[in-house]
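Reading the structure
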Amino acid sequence: MSILIRGGTVVTADNTFRADVYTEDGVIKAVGEDLDAPAGAEVVDAGGCYVMPGGIDPHTHMELPFMGTVASEDFFTGTTAGMAGGTTMIIDFVIPNPQEKLMDAYNKWRGWSEKAAGDYSFHVAVTWWDDSVHADMKTLTEEHGVNSFKHFMAYKGAIMADDEILVNSFTRARELGAICTVHAENGELVFRLQQDMLERGITGPEGHPQSRPPEVEGEAANRAIRIAQVMDVPLYVVHTSCKDALDAIIRARNEGQRVFGEALAGHLLIDDSVYRHPDFEFAAAHVMSPPFRPKGHQEALWLGLQAGHLQTTATDHCCFCAPQKAAGIDNFSLIPNGTGGVEDRMHVLWTHGVGTGRLTMNEFVAVTSTNAAKIFNIYPRKGSISVGADADVVVWDPEKSRTISAETHHQNIDFNIFEGMTVKGVNTVTISQGNIVYQEGDVRTEKGAGRYIDRPCFAPYYSAMEKQRALHAPTSVSRVQAAE
Ligand code: URP
Ligand code: ZN
Ligand code: ZN
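For the structure given in this document, a descriptive report is provided here. (Residues numbered from 1 in each chain as written. Chains lettered and ligands numbered in written order. Predicted model: local features only at pLDDT ≥ 70, side-chain atom pairs only at ≥ 80, totals over all residues. Heavy atoms only, no water.)

1. Topic: the sheet that holds strand β8 (residues 55–57)
As summarised here, the arrangement of the 8 strands in space is β8-β11-β12-β13-β14-β15-β16-β17, forming an open sheet in which the pairing is parallel. Taken across any chain shown, the strands that pair with only one partner, and hence form the sheet edges, are β8 and β17 (312–314). The average angle at which neighbouring strand axes cross in this sheet is 30°, direction not considered. In the sheet, strand β15 (residues 235–237) pairs with strand β16 (residues 259–264) via 3 bridges, with the strands oriented parallel. Residue V237 lies in a different strand from β16, and its bridge partner there is G261. With respect to the sheet, helix α1 (residues 75–84) is in contact with β11 (87–94) and β12 (119–125), its orientation differing from that of β11 by roughly 145°. Packing of helix α13 (residues 345–354) onto the sheet brings it into contact with β8, β11 and β17, and relative to β8 it is tilted by some 110°. (Pairing = 2+ DSSP bridges. Helix = DSSP H or I, 4+ residues; strand = E, 2+ residues; numbered from the N terminus. Axes fitted to C-alpha atoms, helices over the stretch in contact; angles between N-to-C directions. Contact = heavy atoms within 4.5 Å.)

So this is what it looks like as structure tokens:
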């Protein structure tokens, strides 16, 4: 299939210019003014619209088995919802149970994800440690295009990685040229605070944020950052929700450490008052970790994005419907943690970012697509409008509005955390692999059309780091080696 996107303004992370975009066989073949439509090409009129790289959501959990249930959104419905909202690629997570071989878990997730309609990739979580994990990390990086390993510092008694696991895994990732990622919350503190709450008779959803205060996240973020510093491995902090964790990231970046931070659309816009709502279903629908934060933290995250201290935006899309959330009706710590948003992230970020002047259009592209592609080493195949890039493109009408609702969204969840929000600036067309998968409300995704995207490791970057380290090393021998 070939498509000529005609008459739009191309917006990339670093440029804005009038150009047509021609795609053929799944890739961008030409970008320029007044391109001719070859015979048979479908013409998409982008007059008055922006033409941007499809969004990349680097943090989703489709059909995740978690807290005694399974996330309601599967790889087909989830990638479809994403593409309806302009997101053409997700990076999801393989999460082995403790004692489960990484390769077994990876193969299981690859089976589930075969139904994806859009492109996807996997971070792989390290939830335990033995020689097989050490070996499988190498297999994953060398044979399966995995360049990022995830560590949950929370969820004690389940998938939590303690410091010993972090040190082992960070060391191994460093050897392999992979990046480490962390869910930064001190799981011991969360566990203790949950017990304290329950003993005091606080069993409702309001106990969720009280047992996971910002200090708990700040401590874990700082600890992971320091371990990464000592082990000399780049670190990506997922769902940075509060000033405490952001400050740890800023300090490390100011000292030259390669630390990256992700903000969730939800954390940017929703505060912790949702947990005090009298209706259990409403409050429980917002239970996710880290929780939504007291007012003030949202603005800090926006400033972090503006300043470039935070580089990416994601959703942590992990859907549980009301009957699943009801598992915690008598005990908040049993409410499955997770909320949706993969369909809404781009609209919400545009409306509250570009629409308010907090972000430029180019910054919007950077934080919704390009930066994730760069950090996870799939740029410029993804995250760019350039010849040779994958034809994952959105046509964006800045004047068009819609109101977000669970009644109309494509996500397989009975609730929407952005319910009732009117967004201005929406995708009218989404193109994935050179095919129109969404146009003006018409969803045309195909089960199984999504491809697994390999993400190679960072060997050249590491050898540059070796040189730099040797230059600063105390012995004359290493200085000589560095100069060679
Ligand atoms: O509450 C959340 N975030 N659920 C998904 C798992 C995780 O922690 O990312
Ligand atoms: Zn998490
Ligand atoms: Zn997550």
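2. Points about the sheet that holds strand β1 (residues 2–6)
Read from one edge of the open sheet, 4 strands run β5-β4-β1-β6, paired in mixed fashion. The strands lining the two open edges of the sheet, one partner per strand, are β5 (27–32) and β6 (42–45). Mean inter-strand twist for the sheet, computed between neighbouring axes without regard to direction, equals 20°.

3. Describing the coordination of the zinc ion (ligand 2)
Looking at the zinc ion (ligand 2), the protein donor atoms are H183 (ND1) and H239 (NE2), and they sit 2.0 to 2.1 Å from it. Coordination at the zinc ion (ligand 2) is irregular, judged from the 4 donor atoms that bind it and the angles of 57 to 146° they form at the metal. Residue classification places H183 among the buried positions, given a relative accessible area of 1%. (Donors = N, O, S within 2.8 Å, 3.2 Å for Na, K, Ca; no water. Tetrahedral: all angles 85-135°; square planar, octahedral: opposite > 155°, others 65-115°. Buried < 20%, exposed > 50% of the residue type's maximum accessible area, 1.4 Å probe, protein only.)

4. A look at the state of the cysteines
Think of a disulfide as a covalent bridge from one cysteine sulfur atom to another cysteine sulfur atom. As enumerated under the stated definition, the model contains 0 disulfides in all. A disulfide-free cysteine, C242 has its sulfur positioned 20 Å from the sulfur of C318, the nearest such atom. For C321, which is in no disulfide, the shortest distance to another cysteine sulfur is to C319 and amounts to 7.3 Å. (Disulfide = S-S within 2.5 Å.)

5. Remarks on the pattern of salt bridges
Taken as a whole, this structure holds 26 salt bridges when the rule is applied. When the shortest N-O distance is used, the salt bridge between K295 and D271 registers 2.4 Å. Taken as a pair, K295 in the loop between α10 (280–285) and α11 (297–307) and D271 in the loop between α9 (265–269) and α10 lie far apart in primary sequence, 24 residues in all. For D271, a relative accessible area of 13% corresponds to the buried category. A network of salt bridges, in which partner residues are shared, links D119, R381, K382, D390, D392 and R451. (Salt bridge = Lys/Arg side-chain N within 4 Å of Asp/Glu carboxyl O.)

6. Focus on unusual backbone geometry
The omega angle of the peptide bond from S289 to P290 is -5°, so this bond is cis rather than trans. You can see P290 is positioned in the loop between α10 and α11. Following Y379, the chain continues to P380 via a peptide bond in cis, the omega torsion being 5°. Relative to the assigned elements, P380 resides in the loop between α14 (361–375) and β18 (393–403). The backbone phi angle of H239 is positive, close to 25°, even though this residue is not glycine.

7. Describing the pairing of β1
Consecutive residues of a regular strand have side chains that alternate between opposite faces of the sheet. Across the 5 residues that make up β1, a large majority, 4, are buried. Where β1 meets strand β4 (residues 20–24), 4 bridges bridge the pair, whose relative direction is antiparallel. Bridging from a neighbouring strand, I5 pairs with V21 of β4. Across 4 bridges, the pairing between β1 and β6 is parallel. Looking at β6, one finds that R6 is bridged to D45.

8. Side note on the site of ligand 1
Taken together, H59, H61, F152, Y155, H183, H239, M288, S289, D316, C318, N337 and G338 make up all the residues around ligand 1. A distance of 2.6 Å is found between an oxygen atom of ligand 1 and a side-chain nitrogen or oxygen belonging to Y155. Within the backbone of N337, one N or O atom sits 3.0 Å away from a nitrogen atom of ligand 1. Taking 260 Å² as the accessible area of ligand 1 by itself, protein coverage stands at 99%. (Near = heavy atom within 4 Å. Polar contact = N/O pair within 3.5 Å; in protein donor to acceptor, adjacent residues only side chain to side chain. Areas by Shrake-Rupley, 256 points an atom, 1.4 Å probe, with all protein chains shown as cover.)

9. A few points about the pairing of β18
Relative to β18, strand β7 (residues 50–53) runs antiparallel, the two being bridged by 4 bridges. Bridge assignment links P53 to a residue of β18, and that residue is V393. Where β18 lies against strand β19 (residues 422–432), 8 bridges are found, and the strand directions are antiparallel. Bridged to D397 within β19 is V426.

10. Observations regarding the coordination of the zinc ion (ligand 3)
Ligation of the zinc ion (ligand 3) by protein atoms is provided by H59 (NE2), H61 (NE2) and D316 (OD), these donors lying 2.0 to 2.2 Å from the ion. Coordination at the zinc ion (ligand 3) comes from 4 donor atoms whose angles at the metal span 84 to 137°, giving a geometry best classed as irregular. Positions of the donor residues of the zinc ion (ligand 3), expressed as sequence spacing, correspond to H-x1-H-x254-D. Separating the zinc ion (ligand 3) from the zinc ion (ligand 2) is a distance of 3.6 Å. Each member of the pair, H59 as well as H61, carries the same accessibility label: buried.

11. A short note on helix α7 (residues 214–231)
Here α7 contains 18 residues, and its C-alpha end-to-end distance of 26 Å stays within 8% of the 26 Å for a straight helix at 1.5 Å per residue. Buried within α7 we find P214, V216, E217, G218, A220, A221, A224, I225, I227 and A228. The first or second residue beyond α7 is D232, which carries a positive phi of 65°. (Expected span 1.5 Å × (residues − 1).)

12. Considering the side chain of E217
Here E217 lies in helix α7. The exposure class of E217 is buried, given its relative accessible area of 1%. In contact with E217, other than residues within four places in its own chain, are A184, E185, H239, T240, S241, C242, A245, P290 and R293.

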